[in-house]
Amino acid sequence: MAIKIIKTTPFKGQKPGTSGLRKKVVEFEKPHYLANFVQSVFDSLEKYKGKTLVVGGDGRYLNREAVQIILKMAAANGFGKVLVGQGGLLSTPAVSCIIRKYKAFGGLILSASHNPAGPKEDFGIKYNTSNGGPAPESVTEAIYARTKKISEYKIVDEPDVDIDTLGEIKLGKMTVEVIDSVKDYIQLMEELFDFDLISKLFENGFSMRFDAMHAITGPYAKEIFEKILGAPVGTVINGKPKTDFGGGHPDPNLAHAHELVNLMTDSDAHSFGAASDGDGDRNMILGKNIFVTPSDSLAVLAANAHLVPGYKHGIVGVARSMPTSGAADLVAKDLLVKSYETPTGWKFFGNLMDADKVTFCGEESFGTGSSHIREKDGLWAVLLWLNILAARGESVEQIMQSHWEKYGRNYYSRHDYEAVNSEMAVKLMDNLRAKSADMKGKKIGSYEVELCDDFSYTDPIDGSISNNQGIRILFKGGARIIYRLSGTGTEGATLRIYIESYEKNHEKLNIDTQNNLAELISIAVQIAEVGMRTGRYRPSVIT
Ligand code: G16
């Protein structure tokens, strides 16, 4: 086996964000760009020689080429085996499931998640560790440090591997096993959920649409919903993965999943609608004419988990990212289990799940998951909802209504200002941080500030500290305004403003959220001086 040592120079701007390295495709197409990152990952790991790596991606433009580079570099660097999804395809939750099931050393996931795909759009790569979850900050920082110093990488000089035929093949001394992309994941879902009960829903005419947004979940969803659970063909829409995701923006939210949203707000709307994103870890849940916020979804799932076989003994705790609404905390209190507030980023949940402190976790950014794997899981959330709907024999609206009656309602919205000048965005945050020091006790409109700070998190398991995780203004009575800069954008900075109010006495369904939050929204914009500091007078996306 001929191993080539290629001389290279470090690139600027390789700092991994919330979820690995995400950049425009043109960056990844620069000579050695991807290889530099992959070698930096390998150089940051210890004792992986002879071990197994899992590789797969969401099928976006560059996926296949990237898989070939990784396979050849893994062989040159001494991995014993690579498990690769057929065609190079694996959803992010499936990678997590496979790493855990086969006790692999780690995995490389090729995706830029919900960001658009194609030659002019985005690509990404991230490393997951042996627990199946995203690498913790200690590892991502080591990778980043290495990218700044790297001077060469190793790759075998061999022809491309056939990644379309299932089975084993040798690449130098390393074995490449091409595995079925959906099988292991579906087996896990069958262990958690009552598939017979869900099938009966469909037998009785329950109508659902699942929008795969031309991304990775299409093959998984068709197999699960249409083949195994017996939902009619056509239940899964946009089910064929495309390298450019059909030119769409596979972010399952009200702004981007408009086809599904239209289907769910017709006069003859379906009973249930759901969507997932580019790599299959996010989810959006809709009932007939009703949208369930991800924060509410986490709370409802936690409150009803005992109805589902995989969670019939209850949950041990719940975790949510700081900007996610407090709805799940109310459920945790009622269930007498602990709730944790972590910084944004799925990696913060891993330690809590490994230590058996939480069963469910979720984020406002349309991510929900459980300790069955160490990634958020779009289809899992959809199946959990279906299992609960079947067990309760109620509609999404009825379930939400009774949930709010019991726990009160957290009105919640996120306003995003995308592609803002990065320098302006940083200054805006610095200004807020400075202001936050003396806001406590101030009355602003009808609200009184209870606490204002820049969120800092001490991991209860390993004691690691993450500072500067977002400016929080907490008001008396449960209202909150949070500001943070996104870690996943690929153009300039994205300012996210999260607005929440809490109504204990929930009276009627579908009070318009934006109207309900109007005063807080205007307070949020004024305090941060968004218009003056960014030149932007309205958000790019409201969810
Ligand atoms: C990623 C992380 C999530 C996080 C989200 C936040 O999601 O995996 O844990 O909530 O980013 O993004 P931002 O920093 O832009 O607010 P994904 O689905 O992009 O991998």
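In the block above lies the structure referred to throughout.
The shown structure was predicted, so the numbers you read here are calculated from the model rather than taken from an experiment. (Residues numbered from 1 in each chain as written. Predicted model: local features only at pLDDT ≥ 70, side-chain atom pairs only at ≥ 80, totals over all residues. Heavy atoms only, no water.)

## Some details on the overall build of the chain
- For the chain, the helix and strand inventory stands at 18 helices and 27 strands.
- Across the 543 residues in the chain, those meeting the buried criterion constitute 59%.
- About 20,900 Å² of surface is accessible on the chain, with carbon and sulfur atoms providing 50% of the total.
- Separation of charge centres in the chain, based on 63 positive and 67 negative side chains, amounts to 5 Å. (Helix = DSSP H or I, 4+ residues; strand = E, 2+ residues; numbered from the N terminus. Buried < 20%, exposed > 50% of the residue type's maximum accessible area, 1.4 Å probe, protein only. Areas by Shrake-Rupley, 256 points an atom, 1.4 Å probe, with all protein chains shown as cover. Lys, Arg positive; Asp, Glu negative; His and termini not counted. Charge placed at Lys NZ, Arg CZ, Asp CG, Glu CD.)

## Some words on the pattern of salt bridges
- One pass over the structure, following the stated rule, counts 32 salt bridges.
- The partner of Asp58 in a salt bridge is Arg60, with the nearest N and O atoms 3.1 Å apart.
- What makes Arg60 buried here is its relative accessible area of 0%.
- Among the ionic pairs, Arg496 bridges to Asp416, the shortest N-O distance being 3.1 Å. A residue pair is termed long-range when its members are at least 10 positions apart, and Arg496 in strand S26 (residues 493-503) and Asp416 in strand S19 (residues 409-420) qualify at 80 residues.
- Taking the relative accessible area as the measure of exposure, Arg496 reaches 9% and is therefore buried. (Salt bridge = Lys/Arg side-chain N within 4 Å of Asp/Glu carboxyl O.)

## Side note on unusual backbone geometry
- In this structure, Lys47 is a non-glycine residue whose phi angle is positive, near 55°.
- At His214, a position not held by glycine, the phi torsion is positive, near 60°.
- Topologically, His214 is positioned in the loop between strand S10 (208-211) and helix H8 (217-228).
- Exposure remark for His214: the relative accessible area of 17% places this residue in the buried category.

## Here we look at the site of the ligand
- Around the ligand sit 18 residues, and of these Glu363, Arg484, Ser486, Thr488 and Arg496 come closest.
- Within the side chain of Ser113, a nitrogen or oxygen atom sits 2.8 Å from an oxygen atom of the ligand.
- At 2.8 Å from an oxygen atom of the ligand is found a side-chain nitrogen or oxygen belonging to Ser365.
- In isolation the ligand offers 460 Å² of accessible surface; the protein chains occlude 99% of this area. (Near = heavy atom within 4 Å. Polar contact = N/O pair within 3.5 Å; in protein donor to acceptor, adjacent residues only side chain to side chain.)

## Considering H8
- Compared with the 16 Å implied by 1.5 Å per residue over 12 residues, the 15 Å span of H8 between its first and last C-alpha is a close match.
- Along H8, the residues that are buried comprise Thr217, Gly218, Tyr220, Ala221, Ile224, Phe225 and Glu226.
- Backbone geometry just after H8 places Gly230 at a positive phi near 80°. (Expected span 1.5 Å × (residues − 1).)

## Looking at the sheet that holds strand S3 (residues 52-57)
- Taken together, the seven strands give an open sheet; going across it, the order is S2-S6-S5-S3-S4-S9-S8, and neighbouring strands pair in mixed fashion. Each of the sheet's edge strands pairs with one partner strand only, and the pair in question is strand S2 (21-24) and strand S8 (167-171). The average undirected angle you get between the axes of adjacent strands in this sheet is 20°.
- Bridge analysis of S3 against strand S5 (residues 106-110) gives five bridges, and the strand direction is parallel. (Pairing = 2+ DSSP bridges. Axes fitted to C-alpha atoms, helices over the stretch in contact; angles between N-to-C directions.)

## So, the sheet that holds strand S15 (residues 317-321)
- Within the open sheet, the four strands sit side by side as S16-S15-S17-S18. Their pairing is mixed. The two strands at the open ends of the sheet, each matched to only one other strand, are strand S16 (338-342) and strand S18 (367-370). Neighbour to neighbour, the strand axes of the sheet diverge by 15° on average, direction disregarded.
- Sheet contacts for helix H10 (residues 294-304): S15, strand S17 (360-363) and S18; angle to S17, the most-contacted strand, approximately 170°. (Contact = heavy atoms within 4.5 Å.)

## Overview of the packing of H8 against helix H13 (residues 378-392)
- Following both chains from N to C, one finds H8 and H13 inclined at 25°, their axes separated by 11 Å at the closest point. Considering the angle they form, H8 stands roughly parallel to H13. The handedness of the crossing between H8 and H13 comes out as right-handed. Two secondary-structure elements touch here, H8 through Thr217, Tyr220, Ala221, Ile224 and Phe225 and H13 through Leu379, Val382, Leu383 and Leu386.
- Tallied by class, the residues present in the contact of H8 with H13 amount to eight nonpolar, one polar and no charged. (Parallel < 35°, antiparallel > 145°, perpendicular 65-115°, else oblique. Left-handed = near helix turned anticlockwise from the far one by under 90°. Nonpolar A, V, L, I, M, F, W, Y, C, P; charged D, E, K, R; others polar.)

## Quick look at a nonpolar patch on the surface
- Together, Met1, Ile3 and Ile5 give the surface a local cluster of nonpolar side chains, amounting to about 270 Å² of exposed area.
- Note on placement: Ile3 falls in strand S1 (residues 3-7). (Patch = residues over 30% accessible without salt bridge, like charges linked within 9 Å, V, L, I, M, F, W, Y side chains within 5 Å.)

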